[in-house]
Amino acid sequence: MGLKPWRTYSICMFIFLWAGCASAPVQQVTGYTPAVGERAARTAASMVGMPYKYQGDSPEGFDCSGLVRYSYLTAGLDAPHGTKDLRNATRLVENRNLQKGDLLFFDEKGGKYSHVGIYIGNRYFVHAPSSGKKVRKNSLTDPYWKSHFVEARRFYN
């Protein structure tokens, strides 16, 4: 007595859906040190005033994760482009332990981890906000950013 066609189909669909939920491998990012984070923070701060460009990762135009990627590349670390990939390549940091170069994640437009900036010290961060705007520096104490802050993360050592 073999499996009925609907059972075979159900089992195959379960396996297919279960396999689809598996996580993608985390991109290994090596070479992080606090000095690399400080260099990335300095680079990000020097990009204030550069234009926003969707999927941009150069001084010709940045999106938020492109600014992070560019800043870390110039500091010698190959960071991914994309907030999800950046989150997956980093570890959680407590707010009281923030260091220059830490990544700050925000929820905007209903999407958790939909925006990222680079901490530059003294409760300030640099980010590429959105279309039509320029890379800017903002304070974590600003009511808007304070209410949208999700967490701080750092690349693995």
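Cut-offs applied
- Residues numbered from 1 in each chain as written.
- Predicted model: local features only at pLDDT ≥ 70, side-chain atom pairs only at ≥ 80, totals over all residues.
- Heavy atoms only, no water.
- Phe/Tyr/Trp six-rings, centres within 6.5 Å; stacked < 30°, edge-to-face > 60°.
- Helix = DSSP H or I, 4+ residues; strand = E, 2+ residues; numbered from the N terminus.
- Buried < 20%, exposed > 50% of the residue type's maximum accessible area, 1.4 Å probe, protein only.
- Lys NZ or Arg CZ within 6 Å of the ring centre and 35° of its normal.

(A) Layout of the packing of aromatic side chains. Applying the stated criterion to the full structure yields eight aromatic pairs. With centroids separated by 4.8 Å and ring planes inclined at 70°, the aromatic side chains of Tyr72 and Phe155 adopt a geometry described as edge-to-face. You can see Tyr72 sitting in helix H3 (residues 64-74) and its partner Phe155 sitting in strand S8 (residues 149-155), a full 83 residues away along the chain. We note that Tyr72, like Phe155, is buried. Between Phe106 and Phe149 the ring centres are 5.7 Å apart and the planes differ by 70°, which places this aromatic pair in the edge-to-face class. Of the two residues, Phe106 is situated in strand S4 (residues 103-108) and Phe149 in strand S8; the sequence distance between them amounts to 43 residues. For Phe149, a relative accessible area of 22% translates into the label partly exposed. Grouping aromatic residues by their ring pairs yields a cluster made of Phe106, Phe125, Tyr144, Trp145 and Phe149. Here the basic side chain of Arg87 rests over the ring of Tyr113, its NZ or CZ set 4.2 Å away from the ring centre. One cation-aromatic arrangement involves Lys137 over Tyr124; the distance from NZ or CZ to the ring centre is 4.7 Å.

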